[in-house]
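The chain contents come next:
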Amino acid sequence: MIRPERLSLHVVELPLVHPFRTSFGEERVRRALLVALEAEGITGWGECVAGSGPWYSYETVDTAWWVIREVFVPIIKGQRFSHPRELPRLLARVRGHPMAKAALEAALWDLYGRLEGRSLRELLGGVRDEVPAGVSIGIQPDLSTLLSRVQEFVEQGYQRIKLKVKPGWDVEVLHAVRERFPDLPLSVDANSAYTLDDAHHLREFDRFELMMIEQPLWYEDLVGHARLAGELSTPICLDESISSPHRAWEALELAACRIINVKQGRVGGLTAALEIHGLAQERGVPLWCGGMLETGIGRALNAALASLPGFTLPHDISATTRYYREDIAEPRFELTARGTIRVPHGPGLGVEVVPERLLRWERAAWATEL
Ligand code: NPQ
Ligand code: MG
């Protein structure tokens, strides 16, 4: 039985090694919300994947801060849990806010694992000691900069390169990258930058032997993706559209995608991610774990999730140094000689927050007894 005694929220700002540009904007620092739950002198950590503004999703660091403090805290006050999967049931009457729910659930999983002396990988049913690492490359100022960035990551040994695309930064770019790297496992992510009217244009992507095209259309539009899938030979992967296990079921029923990018934050938590894993396993649909520029806390959780049997494609889980010079957690994640990331095996997340670093990068904090 876990009886969380205290909750704290921490907003951190970590400078990125390189600016990260997508079809929806550019980030130079990662502002992130961390949740800590304490019991019996042990602390469990969860990272909220929401961004500083409502661009990737409607949730932000500030909406998550507000809903955890004003809505979730009163609901969990005095509660006991025999397992972290009991939390989503308690929060089910709160509509929306999946990333905030996921962050609280993550802290409870970590606390549970640490109290039980079991790793998150073990608790989730992971079957791998290491997972294949891919890297996501943002939109660059010009083509020669992109080509040298691809070269750099290929030399480091990443198993798949994902390029961010948008109208005006796509076919020409893909042509240049394919010419220089004919056998490279390559994919693209549009973050909803196209419409069905672009179907003819998107068919040109079929020439480049891409592993997948990720989220080409509007996040609400499952039917549009199903129609587009009929026009393309490149598999469609959905990211933003898969906002819950129910949405995953709808997407699979409609044949809107052949691959799913799972982010536990976007789908409402680890319990929801496990449910999607079950649906995908039944249908033989491959999964991979997406990335949200996580600190070591979220990165450790992603590695544990990616160790499940249905996660078979290279992930957006890269070495810590691809994003940050200094992380708030130790140890850092490094790329192995095999192009993989090791799944931590210590209790809970298997990484530790370094108190001095948390203080150095912290911009706001709040705490309450539960
Ligand atoms: C994606 N991630 O797969 C996301 C997009 C993304 C690694 O490509 C702050 C908050 C910054 C959310 C940067 C990758 C973000 C963010 C990128 C989401 O679509
Ligand atoms: Mg994506």
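The structure we're discussing is the one just above.
Residues numbered from 1 in each chain as written. Chains lettered and ligands numbered in written order. Predicted model: local features only at pLDDT ≥ 70, side-chain atom pairs only at ≥ 80, totals over all residues. Heavy atoms only, no water.

## Structural notes on the site of ligand 1
The condition is simple: Residue proximity to a molecule or strand is established when one non-hydrogen atom of the residue lies within 4 Å of it. Counting of polar contacts relies on pairs of N or O atoms within 3.5 Å, with two restrictions inside protein: one atom must be capable of donating a hydrogen and the other of accepting it, and residues adjacent in sequence are counted only when both atoms are side-chain atoms. Where accessible areas are quoted, they stem from the Shrake-Rupley method and a 1.4 Å probe; at the residue level, only the protein chains shown are allowed to cover. The residue classification treats Ala, Val, Leu, Ile, Met, Phe, Trp, Tyr, Cys and Pro as nonpolar and Asp, Glu, Lys and Arg as charged. All others, Gly included, are polar. Start and end positions for the domains come from either an automated domain assignment or a database one.
Neighbouring ligand 1 are 19 residues, the closest being Ser136, Lys164, Asp189, Asn191 and Gly291. A distance of 2.8 Å is found between an oxygen atom of ligand 1 and a side-chain nitrogen or oxygen belonging to Asn191. Isolated, ligand 1 exposes 450 Å² of accessible area, and the fraction of that covered by the protein chains is 98%. Residue classes in the shell around ligand 1 are distributed as 6 nonpolar, 4 polar and 9 charged. When residues of the shell around ligand 1 are assigned to domains, at least three fall in each of domain 1 (6-117 + 354-369) and domain 2 (122-342).

## Regarding the environment of Leu184
Our working rule: A run of H or I in DSSP counts as a helix once it spans at least four residues, and a run of E counts as a strand once it spans at least two, with each numbered from the N terminus. Contact between two residues is taken to exist if any of their heavy atoms lie within 4.5 Å; hydrogens are not considered.
Within the fold, Leu184 resides in the loop between helix H6 (171-180) and strand E7 (186-189). Along the backbone, Leu184 and Arg160 are 24 residues apart, and their C-alpha atoms lie at a distance of 7.1 Å. Among residues more than four places away in sequence, those in contact with Leu184 are Val150, Val154, Ile161 and Arg178.

## Brief notes about the sheet that holds strand E2 (residues 25-39)
Definition in use: Should DSSP find at least two bridges between two strands, the strands are regarded as paired. As a rule, the C-alpha atoms of each element are fitted with a line to give its axis, helices using only the stretch in contact, and angles between N-to-C directions run from 0 to 180 degrees.
With respect to topology, 4 strands assemble into an open sheet ordered E3-E2-E1-E15, the strand pairing being antiparallel. At either end of the open sheet lies a strand with only one pairing partner, and these are strand E3 (42-48) and strand E15 (362-369). Sheet twist, expressed as the average angle between the axes of neighbouring strands with direction ignored, equals 25°. When strand E1 (residues 6-22) meets E2, the two strands line up antiparallel, connected through 13 bridges. Note that in E2 the partner of Phe20 across the bridge is Glu27.

## Thoughts on the sheet that holds strand E11 (residues 287-289)
The strand order E5-E6-E7-E8-E9-E10-E11 describes an open sheet built from 7 strands, whose pairing is parallel. Edge positions in the open sheet fall to strand E5 (134-137) and E11, since each of these has one partner strand only. Alignment of strand E6 (residues 160-164) against E7, held across 4 bridges, turns out to be parallel. Looking across to E7, one finds that Leu163 is bridged to Val188.

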